[in-house]
Amino acid sequence: MLREYTCILCPNGCEIKVQTEDEKVISIDGASCPKGEEYVRQELTDPQRNIASSVLVENGELPLASVRLDRMIPKDKIFDVMEEIKRVKLKAPVRAGQVAIRNVLDSGSSVIVTKNIKAI
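This write-up is about the structure you can find in this document. (Residues numbered from 1 in each chain as written. Predicted model: local features only at pLDDT ≥ 70, side-chain atom pairs only at ≥ 80, totals over all residues. Heavy atoms only, no water.)

## Thoughts on helix α1 (residues 34-45)
When the terminal C-alpha atoms of α1 are compared, their 17 Å separation across twelve residues agrees well with the 16 Å that a helix rising 1.5 Å per residue should span. What α1 keeps buried is the set Gly 36, Tyr 39, Val 40 and Glu 43. The buried side chains of α1 occupy one side of the element, clustering within an arc of 95 degrees when seen end-on. Turned more than 90 degrees off the buried face of α1, the exposed positions are Pro 34, Glu 38 and Thr 45. For α1, the secondary structure elements touched by its buried residues are β1 (2-6), β2 (15-21), β3 (24-29) and β4 (48-49). (Helix = DSSP H or I, 4+ residues; strand = E, 2+ residues; numbered from the N terminus. Expected span 1.5 Å × (residues − 1). Buried < 20%, exposed > 50% of the residue type's maximum accessible area, 1.4 Å probe, protein only. Arc of directions from axis to C-beta. Contact = heavy atoms within 4.5 Å.)

As structure tokens, then:
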């Protein structure tokens, strides 16, 4: 079976074609760096993603603080993790690097603040 992927690991965005047979990789073509092959192999066995979002901030100079995961999670957990992120309310001040949710849904990944927000 021929499958096509667009690698998202670096800015090249390589269009990669993968030939599989009985769920075994026969060939990988189109990756301009080793990351492309690594990405495709992971996509075939255990697709992972990172999330960037925002959380509410009470009494802050801004109403929202940007957040991200500190490591990728299984793709099928994205919506569950987003539901947890939507429940978070932080009190200003918040600092970049501050943990908003530790080990979200026992995923091994934490939700980390990426923007400083001063209190008002």
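## Section: the pattern of salt bridges
Pairing is possible between side chains that carry opposite charge, provided their charged atoms lie close to one another. For the coordinates displayed, the defined rule picks out four salt bridges. Across the salt bridge formed by Glu 37 and Arg 41, the nearest N and O atoms sit 3.2 Å from each other. Taken as a pair, Glu 37 and Arg 41 lie in helix α1 at a separation of four residues, close to a single helical turn. Residue Glu 37 is classed as partly exposed on the basis of its relative accessible area of 35%. On the accessibility criterion, Arg 41 (40% relative accessible area) is partly exposed. Here Lys 86 ties to Glu 83 by a salt bridge, and the two come within 3.0 Å at their closest N and O atoms. You can see Lys 86 and its partner Glu 83 sitting in helix α2 (residues 78-86), three residues apart, about one turn around the helix. Overall, the relative accessible area of 57% leaves Lys 86 in the exposed class. Look at Glu 83 and you get partly exposed, because its relative accessible area is 37%. (Salt bridge = Lys/Arg side-chain N within 4 Å of Asp/Glu carboxyl O.)

## Focus on the sheet that holds strand β9 (residues 99-101)
Read across the sheet, five strands follow the order β8-β5-β6-β10-β9 without closing on themselves; strand pairing throughout is mixed. Looking at the sheet topology across the chains shown, the edges are occupied by β8 (89-91) and β9. The mean inter-strand angle of the sheet, taken between neighbouring strand axes irrespective of direction, is 45 degrees. Along the sheet face, α2 touches β5 (52-58), β6 (64-69), β9 and β10 (111-113) and points at about 20 degrees away from the line of β5. (Pairing = 2+ DSSP bridges. Axes fitted to C-alpha atoms, helices over the stretch in contact; angles between N-to-C directions.)

## Section: the nonpolar core
It is characteristic of soluble globular proteins that their nonpolar side chains tend to be buried jointly. Within the largest apolar cluster, 19 residues are counted, with the highest numbers of intra-cluster contacts made by Ile 85 and Val 111. Apart from the residues lying within four places of it in its own chain, the contact partners of Ile 85 are Ile 51, Ser 53, Ser 54, Val 55, Val 67, Ile 101 and Val 111. Counting residues in hydrophobic clusters, the runner-up holds eight residues, among them Cys 7, Ile 16, Val 18 and Tyr 39. (Core = buried A, V, L, I, M, F, W, Y, C linked by side-chain atoms within 4.5 Å.)

## A closer look at the sheet that holds β1
Spatially, the three strands line up as an open sheet ordered β1-β2-β3, and their pairing is antiparallel. One side of each edge strand has no neighbouring strand; the edge strands of this open sheet are β1 and β3. Direction aside, neighbouring strands of the sheet carry axes that sit 30 degrees apart on average. In this structure, β2 lies alongside β3, joined through five bridges in antiparallel fashion. Each bridged residue has a counterpart across the sheet, and for Val 18 the counterpart in β3 is Ile 28. In the packing of α1 onto the sheet, contacts are made with β1, β2 and β3, and the angle to β1 comes to roughly 120 degrees.

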